[in-house]
Every structure is written in structure tokens, then in C-alpha cells.
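Per-entry structural report
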Amino acid sequence: AQSVSQHNHHVILSEAASLELGCNYSYGGTVNLFWYVQYPGQHLQLLLKYFSGDPLVKGIKGFEAEFIKSKFSFNLRKPSVQWSDTAEYFCAVRVPPNNAGNMLTFGGGTRLMVKP
Amino acid sequence: DVKVTQSSRYLVKRTGEKVFLECVQDMDHENMFWYRQDPGLGLRLIYFSYDVKMKEKGDIPEGYSVSREKKERFSLILESASTNQTSMYLCASSLTPGVRGYTFGSGTRLTVV
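Residues numbered from 1 in each chain as written. Chains lettered and ligands numbered in written order. Predicted model: local features only at pLDDT ≥ 70, side-chain atom pairs only at ≥ 80, totals over all residues. Heavy atoms only, no water.

1. Focus on the state of the cysteines
As enumerated under the stated definition, the model contains 2 disulfides over all chains in all. Between the sulfur atoms of C23 of chain A and its disulfide partner C91 of chain A the distance amounts to 1.9 Å. The sign of the -65 degrees torsion about the S-S bond sets the C23 of chain A-C91 of chain A disulfide as left-handed. Residue C23 of chain A is found in the loop between β3 (19-21) and β4 (24-25), and its partner C91 of chain A is found in strand β10 (residues 87-94); the two are separated by 68 residues along the sequence. Taken as a pair, C23 of chain A and C91 of chain A share a single burial class, namely buried. One disulfide bridge connects C23 of chain B with C91 of chain B, the sulfur atoms lying 1.9 Å from each other. Given an S-S torsion of about -80 degrees, the disulfide between C23 of chain B and C91 of chain B has left-handed geometry. (Disulfide = S-S within 2.5 Å. Helix = DSSP H or I, 4+ residues; strand = E, 2+ residues; numbered from the N terminus. Buried < 20%, exposed > 50% of the residue type's maximum accessible area, 1.4 Å probe, protein only.)

Given below as C-alpha cells:
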């Protein structure tokens, strides 16, 4: 079974700092990759996803992620964070083809705090 | 927008009680999921369903069961609640093949005392 690792559990940044959150997965074949965000008190929302094509994926709110197949990684980046980016971020992997139920495997999450 | 609604935001139950967590989605999604979210462990899949009356165990099904009698509703049942089931429970739904990812509910924070 695949696993997903997010190595940074807690990240604290000042506003305008650059962000990179690591995500590594353990499956050797084709994967679909996702980043979700959970703002305080809110439900999880999809930030961006990668299925195929350009490995640099742009999402909402200025986030992007790069799929590096050789490193089994899908790191999330943002050039300049804002206080409103304070949230928990989850990386997730899905292994196609269409396994029953389209299961996603989630990483442990990274809590980002942005200091104003 | 797809809505996934979980009936309770907060619940407090006693050890040994039978607990029902309800989830309803309004966009005709085939797939529905129950996760629990614990600090440092991320989201762990308890059960999922890809069709009415169909269910599959996830990674941590022990102590739980599910029911899907109608396409829009997926219930999680704690047969005999225990304190180690205190957690945030998240319901999600998706279309097949799930190219848009999941849509999550707001979660139910369950405390078992």
C-alpha cells in the first residue's frame, strides 16, 4: 500500500516569507497527487491537483506544486505567504486506475502559522 | 457547489454508547468516505462506499461499521464507543473517477467520556 510523508509537522513563517512544504509518497507507478488545505474551523478544500502533463501545477491563492517523479515528491510552494495562509495542509495520493471508491491516502499534515 | 453535510458539529457520548454519525451529500456522488483526523496522524480512512449498500473497509475499521441505504447518505456507527474513539470525524464524497478530488464535510468532533 502506498504511504505519504509530510516531514514538516509545524512551520512558522513571517508574512512575505517564501513557503515550501514537503510531500513524498511511496508508490512506484502512476499516481494522482493532491494538496488540500484546512483553515481554522473550516472543512478541507482542494488547493491543487496533478494528474498528468506539466509537472508544475498552479492552484488557488497563489500556491503551486511541482511533481518530481524521480524523487517521488510533490512539494507545495508559495513565493510570499500571508497571515491568511495560516492553516493545516495535507498532501494526498491516489493510485489509478479507478480502484473501487477512488481512495486517497493522506499525509500527516503540516500546520502552518504565519506571523503578521 | 457540492455540499456534504454532517449532522452534528460536536458530540459528547459516554463509553459503551452506540453512536451514529450522519453524512448527506447533494450532488449524486457515487463514492462516500469516512475519515478520522487526529493530530500528527493526518486523515485515516475508516470505511468507504462506492455504491448503495456497498462498503469497503479502510485502514482502521475496527470498532466501526457503516450503512449506505441511499445514495446520498452514509452513516458511521460506533457500536460501543470508547475513549480512544475521541476524534474529529470527516465525511467526504466524490464522483468516479474522482478527477476533482473529494468534497469534505465540516466534520464532527466526537468526545467519548
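2. Structural notes on the pattern of salt bridges
Here the structure, examined in full by the defined rule, presents 11 salt bridges over all chains. Note that R73 of chain B is salt-bridged to E22 of chain B, the shortest N-O span being 3.8 Å. Here E22 of chain B lies in the loop between β3 (19-21) and β4 (23-25) and R73 of chain B lies in strand β9 (residues 73-78), a separation of 51 residues in the sequence. Taking relative accessible area as the criterion, E22 of chain B reaches 23% and is therefore assigned partly exposed. R36 of chain B is the salt-bridge partner of D38 of chain B, the closest N and O atoms lying 2.8 Å from each other. Each member of the pair, D38 of chain B as well as R36 of chain B, is classed as buried. Several salt bridges converge on common partners, so that one network encompasses K58, E64, E66 and R77 of chain A. (Salt bridge = Lys/Arg side-chain N within 4 Å of Asp/Glu carboxyl O.)

3. Some words on the packing of aromatic side chains
Scanning all chains against the criterion turns up 17 aromatic pairs over all chains. Relative to Y89 of chain A, the ring of F63 of chain A has its centre 5.6 Å away and its plane inclined at 45 degrees; by these criteria the two rings are tilted. Separated by 26 residues along the polypeptide, F63 of chain A in the loop between β7 (56-58) and β8 (64-68) and Y89 of chain A in strand β10 bring together distant segments of the chain. Exposure class is identical for F63 of chain A and Y89 of chain A. Each is buried. Aromatic ring contacts, followed pair by pair, group F34, Y36, F51 and F106 of chain A together with F33, Y35, F48, Y102 and F104 of chain B into a single cluster. (Phe/Tyr/Trp six-rings, centres within 6.5 Å; stacked < 30°, edge-to-face > 60°.)

4. Observations concerning the environment of V31 of chain A
With respect to the helices and strands, the residue V31 of chain A is situated in the loop between β4 and β5 (32-38). Between the C-alpha atoms of V31 of chain A and S52 of chain A, which are 21 residues apart in sequence, the distance is 8.9 Å.

Spatial relationships are all this shows, so hold off on functional conclusions.
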